[in-house]
Amino acid sequence: MASRITIVGCGYVGLTTGACFSSLGHEVTCTDVDADRVELLNRGEVPILEAGLDNLLREGINGGRLKFELGSIEAASQSEFVYLCVPTPQGLDGSADLSYIEAAANEIGPHLQPETIVVNKSTVPVGSTRVVEQALGRSDVYVVSNPEFLREGSAVHDFLHPDRIVIGADDQSAAVRVASLYLGVAAPLIVTDPPSAELIKYASNAFLATKVSFVNAVAAVCEAVGADMNDVVLGMGYDKRIGHEFLRPGPGWGGSCFPKDSRALIRIAEDAGYDFDLLEGVVGVNEEQFDRVAAKAIELVGGSIDGKLVAVWGLTFKARTDDLRDSPSLEIVRRLKERGARISAFDPSVSMPLSPRAASVLEGIDIAVDPYAACIDAEVLVVLTEWDEFKWLDFDKVASVLAQPRVVDGRNILDRESLRLRGFDYRGIGRT
Ligand code: NAD
Ligand code: UGA
C-alpha cells in the first residue's frame, strides 16, 4: 500500500531514500533548508554524483510521486511518515552533534497529525530516539529508529538490495508500519528496541573501519618483512570467516561517516563507563596510515619534498563519489603541503569552476584538466583514489611528462611490473 512520506534533508541519504521509496510506489516529498539545492532539484538536476539516482528522481517526478520543497512543516503535516535524514556531524568532544536533528524535530513537532511515525535515519547515538521524542514534544506520535547502511557510489543499489533492514521501536505496530514501507525489498528484517538499532549502526561502521585499519597495519608488516600484501589479502579472504570485502589496503579510511562514527562510538562507550581501547587503536592506525603514505612520496623524491611539485590522482574519499568530506587524499595532501610541496591534482569528479563546497577544502591545490596534465614536471605521482580510469592510462606518456618516473600507488591499483618495465620507481601499500 502506498504511503505519504516526508524526507527531511536532501543529502546522500535523504535523496536516495526519497527516490527509492518513490520507486517502490510511495508518495514522497523531500525537503531541505538549502534553497539553492531545492531549486536545483525542482529543475530536475541532481546535486550529487550517485549512480542511478538521476533516473530514479526523474521517474519519480514524472510519475507525480516525488517532489521537493523548501522547509518541512507543510509536507510533514500531511504525511504518515517523516524520515529525518539530516547531518549528525562530530561535535567538539567527539560525540555526535544532534542539533540538526533537534532543530528539525522542534520545527515539525507542533504540526504533525496524531499517529505520525517520525523515523530517525540519520546515524544517532544510543538514546537519540528519546531526544527526538522530547524535541517533538508530542505524546501522540511515534519515534522509530531505522538506520541506513548504504555506501556512497552504490547508494541506490544498496538501498534497494540491502543486506538487512533494521527497525528499532518500542511500539510493535509502529515497527510493522515502517517495515511495510519496504514491501518489494527482499532482505532480512531485524526488529529490535531503539538502543539496539542505534548501536547496530555504529558497531557495523566501526567493525568495517577496524577491518581496513587491520589490513593497513598488516601491510606495514609486509613492507618490513618483504611480503606482498596483495597475496596476503587473497590468502586471508578465501577463509569464509574473513571474506574478501574490506580487505583492500589503501591510504587510510575516510568519508563523511567512518571518522565521525568511530569517534562517536568511542564517546558512547566512554560515557557508559567502557574504554574502547581497541577502537582508539583503529583510529590511531588510520592516522598513521596518512603519515606513512605521505612519507613514501617524500622518500621517493630523496628525503625532502620542499618546493617540489607532486602530482595527485584522486581527491575524493573513494571512487565513484564526488564526496570530499574527510578524504584521506586531502589528509595526505595536507601533510605534503606542510613539508613545502606544491600539488597538482586530477579527480574525475572535480572540475573547474569548483563548487563552493569543493573550493573550501581544495584551497592551494591546482586542479588539472586531465591526469596527464596533473603530471607535467611533477617529481612524483601519488595515486590516492581507486578510480578505474587511472588503471588504463598511457603510462609511457605519464613517464614522459613527469620530471622523474616515480609513483606511489596508494591503492595498489596499477600494474607494478608493467610500470617497472617502463622505468618507474614504484611503491605500493604493503608491497615493495
Ligand atoms: P548530507 O550533508 O549529504 O545531507 C544533509 C542534508 O540535510 C543537507 O542537504 C542539509 O541542507 C539538510 N538539512 C540540514 N538541516 C535540515 C533541516 N532542519 N531541515 C531540512 N533539511 C536539513 O548528509 P548525509 O551524508 O545524507 O548524511 C545524513 C545522515 O545519514 C548522517 O547522520 C549520516 O551519518 C547518515 N548516513 C550517511 C551515509 C552516507 O553514505 N552519506 C550513509 C548512512 C548514514
Ligand atoms: C560506509 C559504510 O560502508 C556504509 O555501510 C555506511 O552506511 C556508511 O559508511 C555511512 O554510515 O555513511 P561509505 O562511507 O560510503 O560507506 O564508504 P565505504 O565504501 O565503506 O568506504 C569507507 C572508507 O574505507 C573509504 O575511504 C574507502 O576507501 C576505505 N576502504 C574501504 C578501504 O580503504 N579499503 C577497503 O577495503 C574498503
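Residues numbered from 1 in each chain as written. Chains lettered and ligands numbered in written order. Predicted model: local features only at pLDDT ≥ 70, side-chain atom pairs only at ≥ 80, totals over all residues. Heavy atoms only, no water.

Draft legend 1. Structural view of the overall build of the protein. Helix and strand counts for the protein stand at 17 helices and 14 strands. What you see for the protein is a C-alpha radius of gyration of 23 Å, in line with the 22 Å of a compact globule of 432 residues. For the protein, the C-alpha atoms occupy an extent of roughly 70 × 50 × 40 Å along the three principal directions. When each of the 432 residues of the protein is scored for burial, the buried share is 53%. A fraction of 73% describes how many contacts in the protein between residues 6 or more apart in sequence connect residues 24 or more apart. As displayed, the protein offers around 18,900 Å² of accessible surface, 53% of which is attributable to carbon and sulfur atoms. Taken together, the 41 basic and 63 acidic charged side chains of the protein have centroids lying 4 Å from each other. (Helix = DSSP H or I, 4+ residues; strand = E, 2+ residues; numbered from the N terminus. Rg over C-alpha atoms; globule rule 2.2 N^0.38 Å. Buried < 20%, exposed > 50% of the residue type's maximum accessible area, 1.4 Å probe, protein only. Contact = heavy atoms within 4.5 Å. Areas by Shrake-Rupley, 256 points an atom, 1.4 Å probe, with all protein chains shown as cover. Lys, Arg positive; Asp, Glu negative; His and termini not counted. Charge placed at Lys NZ, Arg CZ, Asp CG, Glu CD.)

Draft legend 2. The sheet that holds strand β11 (residues 365–367), seen in detail. Spatial strand order, β11-β10-β9-β12-β13-β14: six strands in an open sheet with parallel pairing. At either margin of the open sheet sits one strand with a lone partner, and together these are β11 and β14 (425–427). Within this sheet the neighbouring strands show an average axis-to-axis angle of 20°, counted without direction. Bridge count between strand β13 (residues 406–409) and β14: three bridges; the pairing is parallel. The residue bridging Val-407 from the neighbouring strand is Tyr-426, located in β14. Lying on the sheet, helix α12 (residues 277–300) is in contact with β12 (380–383), β13 and β14; it crosses β13 at an angle near 170°. (Pairing = 2+ DSSP bridges. Axes fitted to C-alpha atoms, helices over the stretch in contact; angles between N-to-C directions.)

Draft legend 3. Representation of the side chain of Lys-211 within the structure. With respect to the secondary-structure elements, Lys-211 resides in helix α9 (residues 194–225). Salt bridges are absent for the buried Lys-211, whose nearest opposite-charge side chain, Glu-245, sits at 7.2 Å. (Salt bridge = Lys/Arg side-chain N within 4 Å of Asp/Glu carboxyl O.)

Draft legend 4. Quick peek at the pattern of salt bridges. Taken as a whole, this structure holds 30 salt bridges when the rule is applied. A salt bridge links Glu-331 to Arg-335; the shortest N-O distance between them is 2.7 Å. Here Arg-335 and Glu-331 lie together in helix α13 (residues 328–338), a separation of four residues that amounts to about one turn. Under the relative-accessibility criterion, Glu-331 is labelled partly exposed at 23%. A network of salt bridges, in which partner residues are shared, links Asp-291, Glu-331, Arg-334, Arg-335 and Glu-338.

Draft legend 5. Spatial organisation of the site of ligand 1. Residues in close proximity to ligand 1 total 26 residues, the closest being Val-13, Asp-32, Thr-88, Glu-152 and Lys-260. At 3.1 Å, a backbone N or O of Tyr-12 approaches an oxygen atom of ligand 1. The side chain of Arg-325 places a nitrogen or oxygen atom 3.2 Å from an oxygen atom of ligand 1. Across the complex, the protein chains shield 91% of the 840 Å² of accessible surface that ligand 1 would expose by itself. Taken together, the elements giving at least two residues each to the shell around ligand 1 come down to α1 (12–23) and α5 (99–108). Residues that form the shell around ligand 1 fall into these classes: twelve nonpolar, six polar and eight charged. (Near = heavy atom within 4 Å. Polar contact = N/O pair within 3.5 Å; in protein donor to acceptor, adjacent residues only side chain to side chain. Nonpolar A, V, L, I, M, F, W, Y, C, P; charged D, E, K, R; others polar.)

Draft legend 6. Layout of the packing of aromatic side chains. Counted according to the given criterion, the structure contains eleven aromatic pairs. Ring geometry for Trp-313 and Phe-395: centres 6.0 Å apart, planes at 50°, overall tilted. You can see Trp-313 sitting in strand β9 (residues 309–313) and its partner Phe-395 sitting in helix α16 (residues 395–401), a full 82 residues away along the chain. Considered together, Trp-313 and Phe-395 belong to a single accessibility category, that of buried residues. (Phe/Tyr/Trp six-rings, centres within 6.5 Å; stacked < 30°, edge-to-face > 60°.)

Draft legend 7. Representation of the site of ligand 2 in the model. Around ligand 2 there are 20 residues in total, and Phe-149, Leu-150, Glu-152, Lys-201 and Cys-257 lie nearest to it. With respect to ligand 2, the backbone of Gly-254 contributes an N or O atom lying 3.0 Å from an oxygen atom. Within the side chain of Lys-318, a nitrogen or oxygen atom sits 2.9 Å from an oxygen atom of ligand 2. Looking at the shell around ligand 2, the element that brings in the most residues is α9, giving four residues. Among the residues making up the shell around ligand 2, the classes are represented as ten nonpolar, two polar and eight charged.

Draft legend 8. Local environment of the state of the cysteines. Scanning all chains against the criterion turns up zero disulfides. Note on Cys-20: no disulfide assigned, nearest cysteine sulfur contributed by Cys-30 at a separation of 10 Å. Cys-85 carries a free sulfur, and the closest cysteine sulfur to it, the one in Cys-30, is 8.3 Å from it. (Disulfide = S-S within 2.5 Å.)

Draft legend 9. Representation of unusual backbone geometry within the structure. Along the chain, Met-352 connects to Pro-353 via a cis peptide bond; the corresponding omega equals -5°. Within the secondary structure, Pro-353 sits in the loop between β10 (342–346) and α14 (356–361). Here Asp-326, not a glycine, exhibits a phi torsion of approximately 45°, which is positive. Residue placement: Asp-326 occurs in the loop between β9 and α13.

Draft legend 10. Structural view of the pairing of β10. Summarising burial for β10: four of the five residues are buried, a large majority. Relative to β10, β9 runs parallel, the two sharing five bridges. The residue bridging Leu-309 from the neighbouring strand is Arg-342, located in β10. Of the crossover connections in this fold, the one passing from β9 over α13 to the parallel β10 is right-handed. Both β10 and β11 contribute to a ladder of three bridges, which runs parallel. Across the sheet, the residue bridging to Ala-345 is Ile-367, located in β11. (Right-handed = clockwise from strand over helix to strand, strands pointing away.)

Draft legend 11. Highlighting a negative patch on the surface. A grouping of Glu-270, Asp-275, Asp-277 and Glu-280 is seen on the molecular surface, where their side chains present a negatively charged patch. Looking at where Asp-277 falls in the secondary structure, it is placed in helix α12. (Patch = residues over 30% accessible without salt bridge, like charges linked within 9 Å, V, L, I, M, F, W, Y side chains within 5 Å.)

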